[in-house]
Amino acid sequence: CTIQYNSVQPVIPGAPGTLTDGTEIITYASRYCKDNDVLVVYMGANGGFKDYDNLIAQYKAMIDHCDKKQYIVMTMHNSKNFQIQATDADYQKKMNDAFGDHVINLRSEVNARAEEFLIKTGVVSRASDISAKDREYIRNGDWPLSFLRSETDMHPTREGSIVICDLIMEKMVKLGY
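Residues numbered from 1 in each chain as written. Predicted model: local features only at pLDDT ≥ 70, side-chain atom pairs only at ≥ 80, totals over all residues. Heavy atoms only, no water.

Visitor: Looking at this structure, how should I read the overall build of the chain?
Guide: Broken down by element type, the chain carries seven helices and five strands. Once local pairs closer than 6 in sequence are excluded, the contacts in the chain between residues at least 24 apart make up 59%. Of the roughly 10200 Å² that the chain leaves accessible, carbon and sulfur atoms contribute 52%. (Helix = DSSP H or I, 4+ residues; strand = E, 2+ residues; numbered from the N terminus. Contact = heavy atoms within 4.5 Å. Areas by Shrake-Rupley, 256 points an atom, 1.4 Å probe, with all protein chains shown as cover.)

Visitor: For this particular structure, what's the right way to read the packing of aromatic side chains?
Guide: Two descriptors summarise a pair of aromatic rings, namely the distance from one centre to the other and the angle between the planes of the rings. Scanning all chains against the criterion turns up four aromatic pairs. Pairing tyrosine 52 with tyrosine 91 gives two aromatic rings, centres 6.1 Å apart and planes at 20 degrees, and the pair type is stacked. Placement of tyrosine 52 in helix α2 (residues 52-66) and of tyrosine 91 in helix α3 (residues 89-99) is noted, with a sequence separation of 39 residues between them. Accessibility assignment for this pair places tyrosine 52 and tyrosine 91 in one class, buried. Chaining the aromatic ring pairs together yields one cluster made of Tyr59, Tyr71 and Phe99. (Phe/Tyr/Trp six-rings, centres within 6.5 Å; stacked < 30°, edge-to-face > 60°. Buried < 20%, exposed > 50% of the residue type's maximum accessible area, 1.4 Å probe, protein only.)

Visitor: Would you explain the environment of isoleucine 138 in this entry?
Guide: Looking at the element boundaries, isoleucine 138 is found in helix α6 (residues 132-139). Each C-alpha atom, one on isoleucine 138 and one on asparagine 111, is 5.9 Å from the other, the two residues being 27 residues apart in sequence.

Next comes the structure, spelled out in structure tokens:
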């Protein structure tokens with residue numbers, strides 16, 4: 001299914017029609033992974049939310065559904081979202097106010113440690129090898145381009161995904177999980 005703004009459109013031909021607003025959707029993960037130790041919640045820039053409050057409400061619903069005390073919430077890693085800008089200080093403040101120490105600010109944390117992560121993931125062997133394009137992205141407060149599929153596809157590469165995993169592990173240790 002493709003989830004879009006509180007509606008679900010069937011992807012499989014012949015599947016049931018559109019669900020109405022408020023219908024509970026039980027995904028594979030929410031059914032079979034509910035008892036995992038730590039819940040990690042992340043919705044990308046093209047996720048189905050309308051505004052800050054709607055995004056936070058969806059995150060809280062996921063956390064409540066899993067009845068988790070041990071959870072991590074990740075903010076968006078790029079600023080290419082038409083609904084919410086990852087650079088928006090209000091967005092970051094609202095996320096921090098709602099989830100406190102459980103928040104990983106993907107955009108700023110990776111940007112601040114970009115050189116370290118580019119070396120650690122093997123993109124470059126030393127800082128002097130960082131490309132001009134990566135340096136431009138870092139200077140603009142974004143993730144290095146090497147951690148993104150392309151300039152138009154903001155999904156993380158393998159290396160970008162490794163960085164996300166590292167940050168999750170660091171947060172789990174910090175929170176005592």
